[in-house]
Amino acid sequence: MSVLEVKHLKKSFGTIRAVQDISFSVDGGEVFTIIGPNGAGKTTTLEMIEGLVTPDQGEIHFGDWNWNRDANTIKKMIGVQPQSSAMFDLLTPEENLHLFSTFYSHSRPTEEILELINLTDHRNNHVKKLSGGQRQRLAIGLAMISDPDIIFLDEPTTGLDPQARRNIWDIILELRNLGKTIILTTHYMEEAEKLSDRVCIIDQGLIVAVDTPSALIEQLSKEREVRLSFLDGEEAAIEGELFLKTLDSVKKIERDDTSLKLWTLHPEDTLYDLFKFTKENEYKVEQISIREKSLEDVFISFTGKEWRD
């Protein structure tokens, strides 16, 4: 069931058309991730949905409610963790959470939030002494304090080390387990692929694709990329390239010194023929790998750009 529906959102800043025409819906209990290059319009889109920026055109519906008629109701339904979170550095996490809880008629117990964001052991430390990852977890906790149904997380793991990033992932997955709807923006393809029920790719203020990560990946070419290198030098690689060109299953080959990169529709058959060739010619293969398609490949395919953090 849809808990959020966005129809034909548009927003310009002077001559810059930040959002040209955005429409999508989000189902209850899913992690819906918006990705795109810098300047694609994803943060502006999020800010319009959150009620922080007024659209030039378009509609935003939270079920039967919209911002024009039901702003107070919507504010109780949503929690927002912006890119730059406002918190009080000279207060502790527990004090920040308690203070923010007084802004709402209903709030989730502070003790539960501290446990959820794994800050129970740091509850009495001043916020200014927390690490970057701990501050980000607290920012998510502040977005959760009103026990909202829908939570907006704008690039929550940017600038964090891998361990801190995984800690945030665990929190997001736990929120989904609690039945919360998560709307996430991120620069990290692995993050989007691991966490998302559906992914929305935005480029130049327009949606270019919306689907599950696996479905988006399946839309790409069925060819698989195989990489191998020879211990017997460049001559072996040249002979290997000539042999591979005789195979119908191999669609493209690239050679670099002693290494080969090839694209094939049937990697198992291609590898069987290749190993037969190397054994007959007594060539030694140093290493071989089959590269899986990823969400980053989808991004490049749809936008024609390399991913930029």
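Thresholds, definitions, all that
Residues numbered from 1 in each chain as written. Predicted model: local features only at pLDDT ≥ 70, side-chain atom pairs only at ≥ 80, totals over all residues. Heavy atoms only, no water. Helix = DSSP H or I, 4+ residues; strand = E, 2+ residues; numbered from the N terminus. Rg over C-alpha atoms; globule rule 2.2 N^0.38 Å. Buried < 20%, exposed > 50% of the residue type's maximum accessible area, 1.4 Å probe, protein only. Contact = heavy atoms within 4.5 Å. Lys, Arg positive; Asp, Glu negative; His and termini not counted. Charge placed at Lys NZ, Arg CZ, Asp CG, Glu CD. Expected span 1.5 Å × (residues − 1). Polar contact = N/O pair within 3.5 Å; in protein donor to acceptor, adjacent residues only side chain to side chain. Axes fitted to C-alpha atoms, helices over the stretch in contact; angles between N-to-C directions. Parallel < 35°, antiparallel > 145°, perpendicular 65-115°, else oblique. Left-handed = near helix turned anticlockwise from the far one by under 90°. Nonpolar A, V, L, I, M, F, W, Y, C, P; charged D, E, K, R; others polar. Core = buried A, V, L, I, M, F, W, Y, C linked by side-chain atoms within 4.5 Å. Pairing = 2+ DSSP bridges. Salt bridge = Lys/Arg side-chain N within 4 Å of Asp/Glu carboxyl O. Phe/Tyr/Trp six-rings, centres within 6.5 Å; stacked < 30°, edge-to-face > 60°. Lys NZ or Arg CZ within 6 Å of the ring centre and 35° of its normal.

Section: the overall build of the protein chain
The helix and strand tally for the protein chain stands at 11 helices and 14 strands. For a compact globule of 309 residues, the expected C-alpha radius of gyration is about 19 Å, and the protein chain comes in at 25 Å, more than 25% above that figure. Seen through its principal axes, the protein chain has C-alpha atoms that stretch 75 × 45 × 35 Å. Among the 309 residues that make up the protein chain, the fraction classed as buried is 46%. Here the contacts in the protein chain between residues at least 6 apart in sequence split such that 67% fall between residues at least 24 apart. One way to put it: in the protein chain the 35 positive side-chain charges average out to a point 3 Å from where the 53 negative ones average out.

Points about helix 5 (residues 132–144)
Each α-helix turn comprises 3.6 residues. Residues three or four places apart therefore point the same way. Taking 1.5 Å of rise per residue, the 13 residues of helix 5 would be expected to cover 18 Å, and the 19 Å separating its terminal C-alpha atoms lies within 8% of that figure. With respect to burial, helix 5 is a largely interior element, 11 of its 13 residues being buried. Residues of helix 5 that are buried sit in contact with strand 6 (78–81), helix 3 (93–101), helix 4 (110–116), strand 7 (150–154) and helix 6 (162–177).

Side note on unusual backbone geometry
Non-glycine residue His8 carries a positive phi angle of around 50 degrees. With respect to the element layout, His8 can be found in strand 1 (residues 2–13). Despite not being glycine, Asn118 shows a phi value in the positive range, around 55 degrees. Along the chain, the position of Asn118 falls in the loop between helix 4 and helix 5.

With respect to the side chain of Asn66
Inspection of the secondary structure puts Asn66 in strand 5 (residues 65–66). Since its relative accessible area comes to 10%, Asn66 is described here as buried. Separated by 3.0 Å, the side chain of Asn66 and the backbone nitrogen of Asn68 make a polar contact. Side-chain polar atoms of Asn66 contact the backbone nitrogen of Arg69, separated by 3.0 Å.

Brief notes about the packing of helix 9 (residues 234–244) against helix 10 (residues 267–280)
Running from N to C, helix 9 and helix 10 point in directions that differ by 135 degrees, and their axes come no closer than 11 Å. Taken together, the axis directions place helix 9 and helix 10 in an arrangement best described as oblique. In this structure, helix 9 crosses over helix 10, and the sense of that crossing is right-handed. Touching Glu239, Gly240, Phe243 and Leu244 of helix 9 are Thr270, Asp273, Leu274 and Phe277, all from helix 10. Considering only residue class, the contact of helix 9 with helix 10 consists of four nonpolar, two polar and two charged.

What about the nonpolar core?
In terms of nonpolar packing, the biggest core is built from 30 residues, with Leu97, Leu138, Ile151, Leu153, Ile172, Leu175 and Ile182 touching the most fellow members. With sequence-adjacent residues up to four places away left out, Leu138 is seen in contact with Met87, Pro93, Leu97, Ile117, Leu119, Val127 and Leu130.

A short note on the packing of helix 5 against helix 6
Viewed as axis vectors pointing N to C, helix 5 and helix 6 meet at an angle of 20 degrees, and their least axial separation amounts to 9 Å. Regarding the angle of helix 5 to helix 6, the classification is roughly parallel. Remark: the crossing between helix 5 and helix 6 carries right-handed chirality. Residue-level contacts link Gly133, Gln136, Arg137, Ile140 and Met144 of helix 5 to Ala164, Asn167, Ile168, Ile171 and Leu175 of helix 6.

Quick notes on the sheet that holds strand 14 (residues 285–291)
Strand order in the open sheet formed by four strands is 12-13-11-14, with antiparallel pairing between adjacent strands. In this open sheet, the two strands that pair with only one neighbour each are strand 12 (250–256) and strand 14. Pairs of neighbouring strands in the sheet enclose a mean axial angle of 15 degrees, with direction left out of account. As paired strands, strand 12 and strand 13 (residues 259–264) are joined by six bridges and run antiparallel to one another. Looking at the pairing, Ile253 lines up with Leu262 of strand 13. Packed on one face of the sheet, helix 9 meets strand 11 (224–230), strand 12 and strand 13 and runs near 165 degrees to strand 12.

What about the pattern of salt bridges?
Across all of its chains, the model carries 18 salt bridges by this definition. The shortest N-O distance in the salt bridge between Arg227 and Glu225 comes to 2.4 Å. Assessed through its relative accessible area of 9%, Glu225 is described here as buried.

Concerning the environment of Ile145
Positionally, Ile145 belongs in the loop between helix 5 and strand 7. Each C-alpha atom, one on Ile145 and one on Glu234, is 62 Å from the other, the two residues being 89 residues apart in sequence.

Brief notes about the packing of aromatic side chains
In this structure the tally under the stated criterion is six aromatic pairs. Plain terms: the ring middles of Phe62 and Trp67 are 6.1 Å apart, the flat faces sit at 90 degrees to each other, and that makes the pair edge-to-face. The burial state of Phe62 is the same as that of Trp67; both residues are buried. Three or more aromatic residues link up through ring pairs in this structure, and these residues are Phe230, Phe243, Phe277 and Tyr283. In this arrangement the basic side chain of Arg165 is found over the ring face of Tyr188, its NZ or CZ atom lying 3.9 Å from the centre. Directly above the aromatic system of Trp263 lies the positively charged group of Lys252, at a separation of 4.8 Å from the ring centroid.

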